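Here is what each chain is made of, one letter per residue.
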There are 2 protein chains.
Amino acid sequence: MVDARPISSFVDGESIYSSGERAGQAYRVEFGAVRVYRVLANGRRQILAFHFGGSWFGLQNESQHRSTAEAIGVTGVKSINLQENPHAWQGLLPAVLENFLSSQEHQLVIGRQSAVERVAAFLLEMSQHSAHSHRFELFMPRMDVADYLGLTIETVSRSLTKLKNKGIIRLHGARGIEIVEYGVLQRLCL
Amino acid sequence: MVDARPISSFVDGESIYSSGERAGQAYRVEFGAVRVYRVLANGRRQILAFHFGGSWFGLQNESQHRSTAEAIGVTGVKSINLQENPHAWQGLLPAVLENFLSSQEHQLVIGRQSAVERVAAFLLEMSQHSAHSHRFELFMPRMDVADYLGLTIETVSRSLTKLKNKGIIRLHGARGIEIVEYGVLQRLCL
DNA sequence: CGACTTGTTGATGTATCTCAAATCGCGTGG
DNA sequence: CCACGCGATTTGAGATACATCAACAAGTCG
């Protein structure tokens, strides 16, 4: 059973699995957060997804991982060995569908939205994973945000500044976000 | 059983399901091709995926469709009712994982690649779905290619011209593609 | 063989990237 | 508690890739 397995703990930046490694496990975030990314030959990085408490990741069929998963801050993860428990896949279907849906949502964001719209969408997404949806701390540095949204850190920063200047959000230090005009932010992402 | 079900036939542009409609079916392409897309409020469209013979689409958990699926050319589709056959989900897990993987691959393309690189990746993807991988016809108009790659039709056209001028591909009419330097094209996508 | 749709090419505009510098924020140690 | 130092973030100036607008060419179909 999943819940009988111990929690593995990872420090900030530690990799949970790496591209090229032999696959065969399914992982679930217990606390903290995880980024899953791929790197192109020229060094460009795309973060495919962020995962927070309760979310499954690393779900795939192939023998090797194509992506890398790293802890963001101190993070706890439980894993199932799918080789030993092939029947466990059944219960994971909803998780795969959820991952798939998130991936599609994100395609929309990076395919057809402007920089400010992407950042707005990102803030809303993060707010939904926080206890207080209108006031929260980002777990990750700007570089992660940029590589998630297909932008540069400078453009992310400028977009945040624009949202701040319009009075839609307030910034509290480098990571603190306060959403003042939630509705306006939502309308930006249409 | 899936294979006992009749094939539904659709003409070019006909929708198989539409955004907002009640969901609950899984679909498989028998012949022809399908585009799955979403439209933002301001009219911008993002094609999430193209599906060809044998590929499953429309796989999701929710009660309503978020996307629209349309036939590209005359297309045959078989469907399963997942309400009546909830156990059918089991056999669909590999299909969901495949869709998910494709979606992630595409995230990489639209998030971190230049226009020419995106078009190169697209041509390789299409070549893999064709009988002759170095000489094939595109099923879809430029607008579809553009909306799939997060570009405009003009940029797609210019990118094709660049690849042609470099001698990497040859164009035969509006839809015919011949890949002359397969290796060079692959290296472009790294 | 025209009319219409689809695709290409050209000229210009603009959002985002790149390169560079200033500033902030935070941990450390005096 | 405050000064220091360093990485993270912001801001600025200039370059560039892609979008936009407009005209042209090529296919397609009656």
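Just so you know, the residues in each chain are numbered from 1, in the order the chain's sequence is written. All chains are assigned letters beginning at A, and all ligands numbers beginning at 1, according to the order in which they are written. Local features in this predicted model are restricted to residues of pLDDT 70 or higher, and side-chain atom pairs are both shown and tallied only at a pLDDT of 80 or more, whereas totals for entire chains, interfaces and linings draw on every residue. Excluded from the side-chain calculations are hydrogens and water; all other atoms, namely the structure's heavy atoms, are used.

J.: Would you take a moment to explain the relation of the copies chain A and chain B for this structure?
T.: The two chain copies are related to each other by a rotation about an axis together with a translation along it. To superpose the copies, least squares is applied to the C-alpha atoms of every residue with a pLDDT of at least 70 in both. Relative to chain B, chain A is turned by 180 degrees and slid 0.0 Å along the rotation axis, the superposed coordinates differing by an RMSD of 0.0 Å. One copy is carried onto the other by what is essentially a two-fold rotation axis. Taking C-alpha positions as the reference, the residue of chain A nearest the rotation axis is Phe100 of chain A, at 2.4 Å. The contact criterion used is simple: two residues touch if any of their non-hydrogen atoms lie within 4.5 Å. Most of the interface of chain A is mirrored in chain B: 100% of its interface residues are interface residues there too.

J.: Mind showing me how you'd approach the protein's contact with DNA strand D here?
T.: Proximity criterion: a residue is near a molecule or strand once any of its heavy atoms comes within 4 Å of it. Taken together, 16 residues surround DNA strand D, and among them Arg142 and Thr161 of chain A together with Ala115, Thr155 and Arg158 of chain B come closest. Close to the protein, within 4 Å, the atoms of DNA strand D are drawn from sugar and phosphate at a rate of 64%. In the environment of DNA strand D, a phosphate oxygen lies 2.6 Å from a nitrogen or oxygen atom belonging to the side chain of Thr161 of chain A. With respect to DNA strand D, the backbone of Ala115 of chain B contributes an N or O atom lying 2.7 Å from a phosphate oxygen. Of all the secondary structure elements, the ones that give two or more residues to the surface near DNA strand D are helix H4 (153-165) of chain A together with helix H4 (153-165) of chain B. Whenever a nitrogen or oxygen atom comes within 3.5 Å of another N or O atom, the pair is scored as a polar contact, on the condition that within protein one atom can donate a hydrogen and the other can accept it, and that pairs from neighbouring residues in sequence are kept only if both atoms are in side chains. What counts as a helix is a DSSP run of H or I of at least four residues, what counts as a strand is a run of E of at least two, and both are numbered from the N terminus.

J.: Can you help me understand the pairing of strand E9 (residues 176-179) of chain A in this one?
T.: Here is the key point about a regular strand: its side chains alternate between the two faces of the sheet. Residues and elements named next belong to chain A. Residues Gly176 and Glu178 point to one face of E9 and Ile177 and Ile179 to the other, with burial holding for every one of them. Think of it this way: DSSP has to see at least two bridges between two strands before they count as a pair. Of the pairings in the sheet, the one linking strand E7 (residues 135-137) to E9 comprises 3 bridges and is antiparallel in character. Within E9, the position partnered with Glu137 by the bridge is Gly176. Here strand E8 (residues 169-172) runs beside E9; their pairing, made up of 4 bridges, is antiparallel. Throughout this description, buried means an accessible area under 20% of the type-specific maximum (1.4 Å probe, protein chains only), exposed means over 50%, and partly exposed covers the range between.

J.: Whenever I open this one, the interface of chain A and chain B confuses me. Can you help?
T.: Size of an interface: often given as the accessible area lost when the parts come together. The partner chain B presents 41 residues to the 41 residues of chain A that form the contact. Carbon and sulfur atoms make up 61% of the surface buried where chain A meets chain B, a total of about 3800 Å² over both sides. Salt bridge, as used here, is a side-chain nitrogen of Lys or Arg placed within 4 Å of a carboxyl oxygen of Asp or Glu. The tally of links from chain A across to chain B stands at 8 salt bridges. Measuring nitrogen to oxygen at the nearest pair gives 2.7 Å for the salt bridge that ties Arg38 of chain A to Glu105 of chain B. At the junction of chain A with chain B, the criterion picks out 19 residue pairs in polar contact (both at pLDDT 80 or more). Ranked by residues supplied to the side of chain A that touches chain B, first place goes to helix H1 (residues 89-112) of chain A with 18 residues. Throughout this entry, Asp, Glu, Lys and Arg are counted as charged residues, while Ala, Val, Leu, Ile, Met, Phe, Trp, Tyr, Cys and Pro are counted as nonpolar. The remaining residues, Gly among them, count as polar. For the side of chain A that touches chain B, a count of residues per class yields 18 nonpolar, 14 polar and 9 charged. Using a 1.4 Å probe, buried area is obtained as the accessible area two parts lose upon being combined, added over both of them.

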